[in-house]
Structure formats: structure tokens, C-alpha cells
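Chain by chain, the residues run as shown.
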Amino acid sequence: MNVKVNDSFEESSLAAADLIIETVKEKPDSMICFAAGSTPIRTFEILINKSKSSLIDFSNCTFVGLDEWIGMDKNDKGSCQETLYTSLFVPLNISSQNIHFFNTKSSNLRVECKKIDQIIANNGNIDLMLLGIGQNGHLGFNEPGVSFDSFSHVVNLSEVTKTVGQKYFEGSRELSMGITLGIRHILDAKCLIVLASGIKKNKAVYEMVHGKITNEWPVSILQTHKNCQAFLDKEAACLLNEAQ
Ligand code: F6R
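These numbers come from a predicted model, not from an experiment.

### Description of the site of the ligand
Surveying the vicinity of the ligand reveals 16 residues, the closest of which are Thr 39, Asp 67, His 138, Tyr 168 and Lys 201. Contact between the ligand and Asp 67: an oxygen atom at 2.6 Å from a side-chain N or O atom of the residue. Here Gly 140 contributes a backbone N or O atom positioned 2.9 Å from an oxygen atom of the ligand. Here the ligand has 410 Å² of accessible area as a free molecule, and 93% of this is covered by the chains. Residues of the shell around the ligand, tallied by class, amount to 6 nonpolar, 7 polar and 3 charged.

### Overview of the pairing of strand β9 (residues 191-196)
For β9, the tally of buried residues reaches 6 of 6 residues, placing the bulk of the element in the interior. Across the two faces of β9 the burial is the same, with Cys 191, Ile 193 and Leu 195 and Leu 192, Val 194 and Ala 196 all buried. Sheet topology note: the strand β6 (residues 128-131)/β9 ladder contains 4 bridges and is parallel. Directly across from Met 129, in β9, lies its bridge partner Leu 192. Between β9 and its parallel partner strand β10 (residues 228-233), the chain crosses via helix α7 (residues 202-209), and the hand of that crossover is right-handed.

### Side note on helix α2 (residues 41-52)
Helix length check: α2, at 12 residues, gives a terminal C-alpha distance of 17 Å against a target of 16 Å (1.5 Å per residue), a fit within 8%. Where α2 is concerned, the buried positions are Thr 43, Phe 44, Ile 46, Leu 47 and Ile 48. Buried positions along α2 lie against α1 (9-26), β2 (31-34), α3 (80-92), β6 and β9. Where α2 terminates, the next one or two residues include Ser 54, which has phi positive at roughly 60 degrees.

### What to know about the packing of aromatic side chains
Enumeration over the complete set of coordinates arrives at 11 aromatic pairs. Ring centres 6.0 Å apart and planes at 50 degrees place the aromatic pair Phe 58 and Phe 63 in the tilted group. In this structure, Phe 58 and Phe 63 share a single accessibility class: buried. Between Tyr 85 and Phe 101, the ring centres sit 6.1 Å apart and the planes meet at 35 degrees, which makes this aromatic pair tilted.

### Side note on the sheet that holds β6
Strand order in the open sheet formed by 7 strands is β1-β10-β9-β6-β2-β3-β5, and the pairing between neighbours is parallel. Since the sheet does not close on itself, it has two edges, and those belong to β1 (2-6) and β5 (99-100), each with one partner. Sheet strands touched by α7: β1, β9 and β10. Its angle to β10, the strand with the most contacts, is close to 150 degrees.

### Some points on the state of the cysteines
Scanning the model with the defined rule gives 0 disulfides in all. As a non-bridged cysteine, Cys 113 has Cys 33 as the owner of its nearest cysteine sulfur, 14 Å distant. In this structure Cys 228 is a free cysteine whose sulfur lies 8.4 Å from that of Cys 191, the closest cysteine sulfur available. Judged by relative accessible area, which is 4%, Cys 228 ranks as buried.

### Considerations on the packing of α1 against α2
At a closest axis distance of 8 Å, the pairing of α1 and α2 adopts a crossing angle of 50 degrees. Looking at the two axes, α1 sits oblique to α2. Note on packing geometry: the crossing formed by α1 with α2 is right-handed. Residues Phe 9, Glu 10, Ser 13, Leu 14, Ala 16, Ala 17, Asp 18, Ile 20 and Ile 21 of α1 pack against Arg 42, Thr 43, Ile 46, Leu 47 and Lys 50 of α2. Per-class residue counts for the contact of α1 with α2 are 8 nonpolar, 2 polar and 4 charged.

### Concerning unusual backbone geometry
Here the phi dihedral of Ser 54 falls at roughly 60 degrees; this positive angle occurs in a residue that is not glycine. Following the sequence through the fold, Ser 54 ends up in the loop between α2 and β3 (62-64). Even without a glycine there, the phi angle at Asn 93 is positive, about 60 degrees. Assignment of secondary structure puts Asn 93 in the loop between α3 and β5.

### Details of the side chain of Ser 13
When you line up the elements, Ser 13 lands in helix α1. Of the residues examined, Ser 13 reaches a relative accessible area of 0% and is grouped as buried. Not counting residues within four places of it along the chain, the set of residues in contact with Ser 13 comprises Arg 42, Thr 43, Ile 46 and Leu 195.

What counts and what doesn't
Residues numbered from 1 in each chain as written. Predicted model: local features only at pLDDT ≥ 70, side-chain atom pairs only at ≥ 80, totals over all residues. Heavy atoms only, no water. Near = heavy atom within 4 Å. Polar contact = N/O pair within 3.5 Å; in protein donor to acceptor, adjacent residues only side chain to side chain. Areas by Shrake-Rupley, 256 points an atom, 1.4 Å probe, with all protein chains shown as cover. Nonpolar A, V, L, I, M, F, W, Y, C, P; charged D, E, K, R; others polar. Buried < 20%, exposed > 50% of the residue type's maximum accessible area, 1.4 Å probe, protein only. Helix = DSSP H or I, 4+ residues; strand = E, 2+ residues; numbered from the N terminus. Pairing = 2+ DSSP bridges. Right-handed = clockwise from strand over helix to strand, strands pointing away. Expected span 1.5 Å × (residues − 1). Contact = heavy atoms within 4.5 Å. Phe/Tyr/Trp six-rings, centres within 6.5 Å; stacked < 30°, edge-to-face > 60°. Axes fitted to C-alpha atoms, helices over the stretch in contact; angles between N-to-C directions. Disulfide = S-S within 2.5 Å. Parallel < 35°, antiparallel > 145°, perpendicular 65-115°, else oblique. Left-handed = near helix turned anticlockwise from the far one by under 90°.

Dropping the structure here:
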């Protein structure tokens, strides 16, 4: 893993956007998976501006959703899909044919998992993922204890994820289960970009960079990826210096 600590989150977001643009220029029909959540939003804004100046063209890319709260779709304000549609896909005018999400309202979620696994397998692997990290070290909804061999799966969310997740919604929401791509998809992706900002992420960042590789801290598995670039701000990275 390559780690870059920036003075500001803005610098990290600019660097992430540049790497995304470089990757898509090299492979205009890339399969891309962007995390939702708060962290990537500034990167999305930068990408939208670059797209307006014709510096990037996503029209031939395919997008796969990373995760979703069970029972929610793009009509639920604060869901992963709603976040990605509002902050990226709609402004970029991405064709719905090029967007693949889990249908969390399906009566058969195992079939949904297989459907998304197959879409990814048909492409080979995911070309590019932009990931955030949870305070508990989750990636997507790959929660502590997850198997490193997992593909798409339904998950009982950890208490941390249920509590922190309330920040995305206007009123209090019952959050108990999620659906997510697996660690295997992340490990098989050709290029990973990880963004982390703020003091609340410092422990997870420490485990990602220096921790023992253990499924108790899913982020720690990123140490084994050959092409993983992490962009951190000083607050998120503050425990790293102490470790050196
Ligand atoms: C969201 C996702 C989550 C978030 C993580 C960090 O699609 O996959 O793993 O990336 O919980 O969330 P934020 O960015 O809101 O701190």
C-alpha cells in the first residue's frame, strides 16, 4: 500500500480525482465502484467540474454499487444509492444502463448477490474502487469478523455502523442490515484508492497501515493489495507518526 499524508482533505480529494481521471483515460470503459458516505463527496465535485471542462469522460464506464442499507433504494434520502445519484451520476448524466446496484427490496437477496457477482465477473474484475473506511475498520459493509474470501453478501451491521450511519439521514432510522460487495472484490480490483479524513478515523487508519492483518480490522487486508493508494489528512494519519 502506498500512503500519502496531505496537509488538507482538499489536497487528498484533488489527488484522488487525478488518479481516477488517469485510470479512466487509460481505460475509458473501466468498471468503477465508488463508495458513498461523506468522504468521497468532495472528490465527486472535483470530477464533475473536470467533466464540465471535458477533462474526463465517464460515458463508457460501468458503475457498480459498493453497498446499501437493506430496504433502501435511491428514493431514500441518505441511502448509498441516493448519495451517488445526487452527487455524481445525475450531474454527470450517466446512463442508467451503466449503473448496477443491489436491489435491497428483492425477496431473494442471495440472488441479488449472485447477480452483482456475475456482473463483476463478466468484466473480469473491477478496474477502480474508491473506498472510505469506517471507524470500526469496515470497507463497504465488510464488518469486523468478515471472511477475507467473501463475495457479495448480506450482513448484520455492527453497533458502530448502526450508530454512525444515523448521520446520513434526516430522522432516526432503523439500521440493522446491509448488503455489500465482498473483500474478494476489493482484493481483486486492479486499482484501489482509499480516502480517510478526520480524527475519528485515526485508529482505523493505524490498523490499515501498521496493524496485524486480521478480520477484526477489515481495513488491515489492504496491506496485501499490490495497487492501493491511500490519501489521508493529518488528523486521520496522526497515529502513524507515533508508530514510526
Ligand atoms: C459507504 C461505505 C462505507 C463508508 C465508510 C466511511 O458506501 O462503503 O464503508 O465508506 O463508512 O463513511 P464516511 O465517508 O461517511 O466517513
